[in-house]
Structures are given as structure tokens and as C-alpha cells.
Amino acid sequence: GDSVTQMEGPVTLSEEAFLTINCTYTATGYPSLFWYVQYPGEGLQLLLKATKADDKGSNKGFEATYRKETTSFHLEKGSVQVSDSAVYFCALSNSNSGYALNFGKGTSLLVTP
Amino acid sequence: NAGVTQTPKFQVLKTGQSMTLQCAQDMNHNSMYWYRQDPGMGLRLIYYSASEGTTDKGEVPNGYNVSRLNKREFSLRLESAAPSQTSVYFCASDTGGLNSPLHFGNGTRLTVT
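The present account deals with the structure reproduced in this document. (Residues numbered from 1 in each chain as written. Chains lettered and ligands numbered in written order. Predicted model: local features only at pLDDT ≥ 70, side-chain atom pairs only at ≥ 80, totals over all residues. Heavy atoms only, no water.)

Turning our attention to the overall build of chain B. Secondary structure summary: chain B contains 0 helices and 11 strands in total. Radius of gyration (C-alpha) of chain B: 13 Å, near the 13 Å computed for a compact globule of 113 residues. By its C-alpha atoms, chain B is 40 × 25 × 25 Å across when sized along the principal axes. A total of 113 residues make up chain B; the buried ones form 47% of that total. Expressed as a percentage of contacts within chain B between residues at least 6 apart in sequence, the contacts between residues at least 24 apart total 54%. Split by element, the accessible area of chain B, about 5,200 Å² in all, is 48% carbon and sulfur. Within chain B, one finds 10 positive and 8 negative side-chain charges whose respective centroids are separated by 7 Å. (Helix = DSSP H or I, 4+ residues; strand = E, 2+ residues; numbered from the N terminus. Rg over C-alpha atoms; globule rule 2.2 N^0.38 Å. Buried < 20%, exposed > 50% of the residue type's maximum accessible area, 1.4 Å probe, protein only. Contact = heavy atoms within 4.5 Å. Areas by Shrake-Rupley, 256 points an atom, 1.4 Å probe, with all protein chains shown as cover. Lys, Arg positive; Asp, Glu negative; His and termini not counted. Charge placed at Lys NZ, Arg CZ, Asp CG, Glu CD.)

Here's what the structure looks like:
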């Protein structure tokens, strides 16, 4: 079945550092890919998405490119802020699972001043 | 605009007790979902309802039942709680379909002793 694998955290960075969180997936067909963010004590919220190969999703300075050849959707940000401290989840949606999102295990990010 | 509302926020149960987690959305979404979140496990789908009148099992349905009461409401019932069901439970909804982003509630933290 479909699956999503994320790099394990926690990831600790200094403010203004470059961020990469790796995400790879296994799926049949043509899934859509998402990054969600969870701030402490809250539910998840959509950060960005890409619906087909070579699409780039972007939001709030974060970017991720849908790479079908490497089955990857890595999250990047050029300069992180303390307020970016959160847990980040990679996810995919596929028609063969009734479109229900399949999540990775999450990567915790802590940004220090 | 309330979005997805879950009640209660916190609950402590003894083993064998029953309870129902309530979820309501005011976005006229077709699909609703129940996930549980456990440390190191990410989010796992318990049950989902693609449309009013239908429900389907997700990855971890054992020990749970659901009811899609109407288009707005989707409840999750634990008939006989077990310590393994200690978790944070999230309800979510979307319009349905491959590219539809999920909207999450703020979660219910359940402890079973």
C-alpha cells in the first residue's frame, strides 16, 4: 500500500539557518502530495501542496517540489525563524485509498535564537 | 467561522468505560475523518466518511465505532476503553477528492487508566 517516510527528528537549527526536511513516498498511480504543520497544542494545518510531477508548492517561505523520478517531496526554507518551531508532516492522497490522507510520522523542528 | 469543532478537549477514562467524541464542521464539507496521533507514530486513520450516510475503516479501526449523524457531524465511540487507546484524537474534514486539503480540529487528549 501507499506509504510516506520522513526523516526522523528532532531537528534543531539556529535562526536564519537553511532547512531541509526529507520526505519520500511509495504509491501507485499519481498521488497528490502535501506538507502539514502542527504548532503546539493545535491541530494540523496545510502548509503547501503539489498535485502533479514537477509542481512546486510554496507558502510562508517554505517550498517543496514533487519529484516523481525520485519519489520525493522535500521541504525547504532558506532562513528559518523561531516561530517556525513546530512538527511537520508529509502526506499523500491517492484515489486507491479513497483520497484519505496517508501521513508520515512527523519531524519536530526547534529553532533557537 | 468555527471550522472543525471537537469536544471534549480532555478526557480521562477508566478501563472498560465508554465514551463518544463529538466532531462538527460548518464548512459544508462532504468528507470527514478521525485520526489518532501517538508519539513516534504520526497520524493514523481510524475511520472516515466520504459522504453523508457512508463510513469506512481506516488503518486502525479496532475498538472504535463511528456515526455520520448528518453532513455536519461525525462522532467516534469507544465502547470499552483500553489503555492502548490513550492518544490524541483529531477530527478532520474536506470537500473530498484528490487535491482537497484537510481542515483539522484542535484535538481531544484521551487518557485511559
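This part takes up the pattern of salt bridges. As a working rule, side chains carrying opposite charge can pair if their charged atoms are close by. Residue and element names in this part refer to chain B. Under the defined criterion, the tally for this structure stands at 6 salt bridges over all chains. Close ionic contact of Arg77 with Glu79 constitutes a salt bridge, the shortest N to O distance being 3.1 Å. What makes Arg77 partly exposed here is its relative accessible area of 29%. The exposure class assigned to Glu79 is partly exposed, which follows from its relative accessible area of 43%. Among the charged side chains, a salt-bridge network with shared partners connects Arg36, Asp38 and Arg44. (Salt bridge = Lys/Arg side-chain N within 4 Å of Asp/Glu carboxyl O.)

Counting residues at the interface gives 24 residues for chain A, matched by 19 residues for chain B. When the two sides are added together, the surface that chain A and chain B hide from each other amounts to roughly 1,600 Å², 58% of it contributed by carbon and sulfur. For the pair chain A and chain B, the interface holds 0 salt bridges. Remark: the boundary between chain A and chain B carries 4 residue pairs in polar contact (both at pLDDT 80 or more). Elements supplying a minimum of two residues to the side of chain A that touches chain B: strand E5 (32–38), strand E6 (44–50) and strand E10 (86–93) of chain A. Ranked by the residues each element gives to the side of chain A that touches chain B, the list is headed by E5 of chain A, at 4 residues. (Buried area = accessible area lost by both parts, 1.4 Å probe. Polar contact = N/O pair within 3.5 Å; in protein donor to acceptor, adjacent residues only side chain to side chain.)

Turning our attention to the side chain of Gln37 of chain B. Here Gln37 of chain B is to be found in strand E4 (residues 31–38). Among the polar contacts listed, one links the side chain of Gln37 of chain B to the side chain of Gln38 of chain A, at a separation of 2.9 Å. Excluding residues within four positions of it along the chain, Gln37 of chain B makes contact with Gln38 and Phe89 of chain A together with Gly42, Leu43, Ser87, Val88 and Phe90 of chain B.

Further remarks concern the nonpolar core. Within soluble globular proteins, side chains that are nonpolar generally end up buried alongside one another. By size, the foremost hydrophobic cluster in this structure holds 26 residues, and its most contacted members are Trp35, Leu47, Leu48, Phe73, Leu75 and Tyr88 of chain A. For this core, the elements supplying multiple residues, two or more each, are strand E2 (11–14), strand E3 (19–21), strand E4 (23–26), E5, E6, strand E8 (62–65), E10 and strand E12 (107–112) of chain A. Considering each element in turn, this core owes the most residues, 4 residues, to E10 of chain A. Contact partners of Leu48 of chain A, with chain neighbours within four places excluded, come to Leu33, Phe34, Trp35, Gly57, Ser58, Asn59, Phe62, Glu63, Ala64, Phe73 and Leu75 of chain A. Core analysis: the second largest hydrophobic core is formed by 20 residues, Met32, Leu78, Cys91 and Leu110 of chain B among them. (Core = buried A, V, L, I, M, F, W, Y, C linked by side-chain atoms within 4.5 Å.)

All names here are of chain B. Here Arg44 lies in strand E5 (residues 42–49). In terms of polar contacts, Arg44 uses its side chain to reach the side chain of Asp38, at 2.9 Å. Residues in contact with Arg44, not counting those within four places in the same chain, are Trp34, Tyr35, Arg36, Asp38, Glu59 and Val60.

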